[in-house]
Amino acid sequence: MLIKTSKFKQSASSIHGCPKTAMQEYAFIGRSNVGKSSLINMLCNNNKLAKTSATPGKTQLINHFLINEEWFLVDLPGYGYAKTGKEKREKFATIIYDYCKKRDNLVCLFVLIDSRLPLQKIDFEFMMWCGENEIPFSIIYTQADKNSKAELAKHIKNIEKELLEHWEEMPNTFISSAESKLGKEDILDFIEYNYKEVNANRTKSAK
Ligand code: GTP
Ligand code: MG
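First things first, this report covers the structure right here in the doc.

**Overview of helix H2 (residues 86-102)**
- Taking 1.5 Å of rise per residue, 17 residues should cover 24 Å, and H2 covers 24 Å from first to last C-alpha, within 8% of that figure.
- Phe 92, Ile 95, Ile 96, Tyr 99 and Cys 100 are the residues of H2 that are buried. What you see down the axis of H2 is that its buried residues fit within an arc of 115°, all on one side. Exposed side of H2, more than 90 degrees from the buried face: Lys 86, Glu 87 and Lys 101 are the residues found there.
- Where H2 is buried, its residues contact strand S2 (25-30), strand S3 (62-67), strand S4 (71-75), strand S5 (106-114) and helix H3 (121-132).

Put into structure tokens, the structure is as follows:
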């Protein structure tokens, strides 16, 4: 998938404020500071698109970015950042859960996992929740450039070993770095494949 144009469309504080459209969308979720906004910018080759920050809790709304005038990338607030305060954390959780469960045109959720850390309880619980609610998701391991090759392989192996104690198979997984652009092509190819599938199915059911 070649991204020719990317532009900010709008921010919403709940699912009700999201664009009223049937256009496909692909959303990014994960702990605060895992690199959701940076990854969106990397995919779009546009560092000014989504706002990033070294301070966790930067993205607080559902942000829609219109791609090629045809579909959306969606940047979501992060979950589980302790210093955000209980009230805000709960507000973010409601926004996220509501969006993931009810957004009909969401084709795939990318759950971002920090490639430098062991599996975090909150990531595990969130993915289990996706499974229980039949929300299709893929995993993207982020910030790969901050590991050596050996560390990266070890971390991912440990995470997947733990997940496979609960699942029969892994969902699609990608390794990424917003810094080195690792994973860009694979992620965009995956989106393109899904995009075409969904369009073909829509055309079929319209006949
Ligand atoms: P919230 O909006 O707070 O939930 O965070 P986020 O998940 O959107 O993270 P964001 O993209 O803002 O990145 C957090 C910090 O990590 C920033 O300082 C980024 O520059 C840095 N960062 C993100 N991805 C990468 C990466 O792949 N490599 C490196 N070296 N730094 C990264
Ligand atoms: Mg962000």
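**Here's the deal with the nonpolar core**
- Core analysis: the biggest nonpolar cluster contains 35 residues, and Tyr 99, Leu 109, Phe 126 and Met 127 have the highest contact counts within it.
- When neighbours within four sequence positions are excluded, Met 127 is seen to be in contact with Val 111, Ile 113, Leu 119, Phe 137, Ile 139, Leu 163 and Trp 167.
- Among the nonpolar cores identified, the runner-up in size contains 27 residues, and Phe 28, Trp 71, Val 107 and Ile 191 belong to it.

**Quick word on the site of ligand 1**
- What surrounds ligand 1 is a group of 22 residues, the closest being Lys 36, Ser 38, Gly 57, Asp 145 and Ala 178.
- At 3.0 Å, a backbone N or O of Ser 53 approaches an oxygen atom of ligand 1.
- Bound to the protein, ligand 1 loses 87% of the 660 Å² it would expose on its own.
- Classifying every residue of the shell around ligand 1 gives four nonpolar, 12 polar and six charged.

**Some thoughts on the layout of surface pockets**
- Approximately 480 Å³ is the volume found for the largest pocket.
- Around the largest pocket, the lining is made up of 29 residues, and of these Asn 33, Val 34, Gly 35, Ser 38 and Gln 143 lie nearest the centre.
- Partitioned by chemical class, the residues of the lining of the largest pocket number five nonpolar, 15 polar and nine charged.

**Side note on the sheet that holds S3**
- Spatially, seven strands are ordered S1-S3-S4-S2-S5-S6-S7 in an open sheet, and the strand pairing comes out mixed. Each edge of the open sheet carries a strand with a single partner, namely strand S1 (6-12) and strand S7 (173-175). Going from strand to strand, the sheet's axes swing by 25° on average, the running direction of each strand aside.
- Bridge count between S5 and strand S6 (residues 137-142): six bridges; the pairing is parallel.

**With respect to the packing of aromatic side chains**
- Tallied over the full model, the rule gives 12 aromatic pairs.
- Between Tyr 97 and Trp 129, the aromatic rings sit 4.4 Å apart at their centres with planes inclined by 50°, giving tilted as the arrangement. Highlighted residues: Tyr 97 in helix H2 and Trp 129 in helix H3, separated in sequence by 32 residues.
- Classification of Tyr 97 as partly exposed rests on a relative accessible area of 35%.
- Given the relative accessible area of 15%, Trp 129 is considered buried.
- Of the aromatic side chains, those joined through ring pairs into one cluster are Phe 28, Phe 110, Phe 174 and Phe 190.

Criteria and cut-off values
- Residues numbered from 1 in each chain as written.
- Chains lettered and ligands numbered in written order.
- Predicted model: local features only at pLDDT ≥ 70, side-chain atom pairs only at ≥ 80, totals over all residues.
- Heavy atoms only, no water.
- Helix = DSSP H or I, 4+ residues; strand = E, 2+ residues; numbered from the N terminus.
- Expected span 1.5 Å × (residues − 1).
- Buried < 20%, exposed > 50% of the residue type's maximum accessible area, 1.4 Å probe, protein only.
- Arc of directions from axis to C-beta.
- Contact = heavy atoms within 4.5 Å.
- Core = buried A, V, L, I, M, F, W, Y, C linked by side-chain atoms within 4.5 Å.
- Near = heavy atom within 4 Å.
- Polar contact = N/O pair within 3.5 Å; in protein donor to acceptor, adjacent residues only side chain to side chain.
- Areas by Shrake-Rupley, 256 points an atom, 1.4 Å probe, with all protein chains shown as cover.
- Nonpolar A, V, L, I, M, F, W, Y, C, P; charged D, E, K, R; others polar.
- 1 Å grid on protein atoms, 1.4 Å probe; cavity = no way out; pocket = protein on both sides within 12 Å on 5 of 7 lines; lining within 4 Å.
- Points joined across faces, edges and corners; volume = space filled by probe spheres on them.
- Pairing = 2+ DSSP bridges.
- Axes fitted to C-alpha atoms, helices over the stretch in contact; angles between N-to-C directions.
- Phe/Tyr/Trp six-rings, centres within 6.5 Å; stacked < 30°, edge-to-face > 60°.

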